[in-house]
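Spelled out, the chains give:
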Amino acid sequence: ETSLYFHLPFCWSLCWYCGCTNVITADQSASAKYLGYLEKELEMMGRFLHPDRPVVQMHLGGGSPSFLTAADFRRLGRMIRSRFKVAPDAEAGVEIDPRRTTREQFVALREIGFNRASIGVQDNNPAVQKAVHRLQPFEQTAQVAGWLRELGFQSLNIDLIYGFPLQTPETFNQTLDEVLTLQPDRFAIFNYAHVPWMKPAQKIVERQGLPSAETKLQLLKLAIEKLTAVGYVYVGMDHFAR
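Quantities reported herein were computed from a predicted structural model and do not represent experimental measurements.

Trainee: Quick rundown of the overall build of the chain? Include the residues and the values.
Mentor: Broken down by element type, the chain carries eight helices and 10 strands. Scaling as 2.2 N^0.38, a compact globule of 242 residues should have a C-alpha radius of gyration of about 18 Å, and the chain matches this with 19 Å. Projected onto its principal axes, the C-alpha coordinates of the chain cover approximately 50 × 40 × 30 Å. Looking at the chain as a whole, 48% of its 242 residues are labelled buried.

What follows is the structure, given as structure tokens:
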């Protein structure tokens, strides 16, 4: 069996807390050029993989994979399926930034076999969002979640982060209440990893005041207690499953 991961590094703008390997650009054509290089890598890697080994898992990470256009996704699907034998019941997940997405992108993702999605939320509080440079009204998140359900994605994950400036148990509790209305199948609730020596933009976050270790522990405790009380299982390493 084979699992495939594709790193799609592009983002429209930089979230100051981000620790991912990314490329910030407004040039939409960059993704098509990148797919050309990815295709060359697939050709090289394909020589070392048995063609009859079924692909049982695929994941698109980033960056923001949703930077790609619907046409980009269809091209990526052709690249994968012309070289690999994808199992009919393969788990295929994609990470979504709901701030710049269209329903057509998700139609294309379903066409090429993707059936799981993870929406980056982090925090719904407007003041917290401003402090980390990621303005994302909850209505955007809810609209994208609705599209995913409507188009038959089988699993919806929500990403949240605790440890941001201005977060309190009260504000984080409201974020949890709001995202629970979307009935996600999974949660990933991460501890903010502060590594400004590797990611200089995080110095901007630091200047706004990071919460104490005690506050961060309160936020994690709140999340664990609230989610387990409504039927989620804490499966470890920041993850909860319904």
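Trainee: Tell me about the side chain of Gln129, and name the residues and values.
Mentor: In this fold, Gln129 is placed in helix α4 (residues 126–132). The residues contacting Gln129, other than those within four sequence positions of it, are Asp123, Asn124, Arg134, Leu135, Gln136 and Pro137.

Trainee: Could you give an account of the environment of Leu38, with specific residues and numbers?
Mentor: Within the secondary structure layout, Leu38 lies in helix α1 (residues 30–46). Under the relative-accessibility criterion, Leu38 is labelled buried at 10%. Taking the C-alpha atoms as reference points, Leu38 and Phe6, separated by 32 residues in sequence, lie 8.6 Å from one another. Ignoring sequence-local partners within four residues, the contact set of Leu38 consists of Phe6, Leu8, Leu76 and Met79.

Trainee: Outline the sheet that holds strand β9 (residues 233–236), listing residues and values.
Mentor: As summarised here, the arrangement of the eight strands in space is β1-β4-β5-β6-β7-β8-β10-β9, forming an open sheet in which the pairing is mixed. Every interior strand has two partners, whereas the edge strands, β1 (2–8) and β9, have only one. Recorded for the sheet is a direction-independent mean angle of 20° between the axes of neighbouring strands. Strands in contact with helix α5 (residues 138–150) are β5 (85–96), β6 (116–122) and β7 (155–162); relative to β6, the strand with the most contacts, it is inclined by about 175°. Packed onto the sheet, helix α8 (residues 213–229) meets β7, β8 (186–191), β9 and β10 (239–241) and runs at close to 170° relative to β8.

Trainee: Would you mind going over α8 in detail, with residue names and values included?
Mentor: Within an α-helix, residues lying three or four positions from one another point in the same direction, as the helix has 3.6 residues per turn. With 17 residues, α8 should reach 24 Å at 1.5 Å per residue; the first-to-last C-alpha distance of 24 Å fits that figure. Every buried residue belonging to α8 is among Thr215, Leu219, Leu220, Leu222, Ala223 and Leu227, and all of these are buried. Viewed end-on, α8 has its buried residues packed into an arc of 155°, placing them on one side of the element. In α8, the exposed positions that point more than 90 degrees away from the buried face belong to Ala213, Glu214, Leu217 and Ala229. Those residues of α8 that are buried are in contact with β7, α6 (169–180), β8 and β10. At the exit of α8 stands Gly231, carrying a positive phi of roughly 105°.

Trainee: Could you give me a rundown of the packing of aromatic side chains, with the residues and numbers involved?
Mentor: Evaluated as defined, the whole model comprises nine aromatic pairs. The interplanar angle of 85° and the centroid separation of 5.4 Å between the aromatic rings of Phe10 and Tyr34 together place this pair among those described as edge-to-face. Taken together, the residues Phe10 in strand β2 (residues 10–11) and Tyr34 in helix α1 connect sequence positions 24 residues apart. The exposure class of Phe10 is buried, given its relative accessible area of 6%. Ring centres of Phe106 and Phe153 lie 6.5 Å apart, and the angle between their planes is 85°; this geometry places the pair in the edge-to-face category.

Trainee: I'd like to hear about the packing of helix α2 (residues 70–81) against helix α3 (residues 103–111), residue by residue, with values.
Mentor: Relative to each other, α2 and α3 sit at 10°, their axes nearing to 8 Å. Taken together, the axes of α2 and α3 are roughly parallel relative to one another. On α3, the residues that touch Ala70, Phe73 and Arg74 of α2 are Glu104, Gln105, Val107, Ala108, Leu109 and Glu111. A per-class count over the contact of α2 with α3 returns five nonpolar, one polar and three charged.

Trainee: Give a detailed account of the pairing of β6, specifying residues and quantitative values.
Mentor: Consecutive side chains of a regular strand alternate in pointing toward one face of the sheet and then the other. For β6, the buried fraction is high: six of the seven residues fall into the buried class. Here β6 runs beside β7; their pairing, made up of six bridges, is parallel. For Gly120, the partnering residue across the bridge sits in β7 and is Asp159.

Trainee: Quick one: what's the story with the environment of Tyr5, residue by residue and with numbers?
Mentor: Mapped onto the fold, Tyr5 is located in strand β1. Considered as a pair, Tyr5 and Phe187 are 182 residues apart in the sequence and their alpha carbons are 20 Å apart. The contact partners of Tyr5, leaving out residues within four places of it in the chain, are His59, Leu60, Gly61 and Gly62. A distance of 2.8 Å separates a polar atom in the side chain of Tyr5 from a polar atom in the side chain of His7.

Rules behind the numbers
Numbering of residues begins from 1 in every chain and follows the order in which that chain's sequence is written. Two thresholds apply to this predicted model, a pLDDT of at least 70 for residue-level local features and 80 or more for giving and counting side-chain atom pairs, whereas whole-chain, interface and lining totals are computed over all residues. Heavy atoms from the whole structure form the basis of all side-chain values; hydrogens and water molecules are not counted. Secondary structure counts use DSSP, requiring at least four H or I residues in a row for a helix and at least two E residues in a row for a strand, with both numbered from the N terminus. C-alpha atoms define the radius of gyration, and 2.2 Å times the number of residues to the power 0.38 defines the globule rule. Between buried and exposed lies partly exposed: a residue is buried under 20% and exposed over 50% of the maximum accessible area for its type, with that area taken using a 1.4 Å probe on protein chains only. In this analysis, two residues are considered to be in contact whenever any of their non-hydrogen atoms come within 4.5 Å of each other. At least two DSSP bridges between two strands are needed for those strands to be called paired. Lines fitted to the C-alpha atoms define the axes, with helices restricted to the stretch that makes contact. Angles between their N-to-C directions range from 0 to 180 degrees. Multiplying 1.5 Å by the helix residue count minus one yields the expected span of that helix. Each direction from the helix axis to a C-beta atom contributes to the arc, which is the arc of those directions. Whether two aromatic rings pair depends on their centres lying within 6.5 Å, for rings of Phe, Tyr and Trp, where Trp uses its six-membered ring; planes under 30 degrees apart make the pair stacked, over 60 edge-to-face, and the rest tilted. Angular relationships are summarised with four words: roughly parallel below 35 degrees, roughly antiparallel beyond 145, roughly perpendicular across 65 to 115, and oblique for the angles in between. Residue polarity is assigned by list, with Asp, Glu, Lys and Arg as charged and Ala, Val, Leu, Ile, Met, Phe, Trp, Tyr, Cys and Pro as nonpolar; anything else, Gly included, falls into the polar class. Residues adjacent in sequence count toward polar contacts only when both atoms are side-chain atoms; beyond that, a polar contact is any pair of N or O atoms within 3.5 Å, and within protein one must be able to donate a hydrogen and the other to accept it.

Function-wise, these values are silent; they only describe arrangement.
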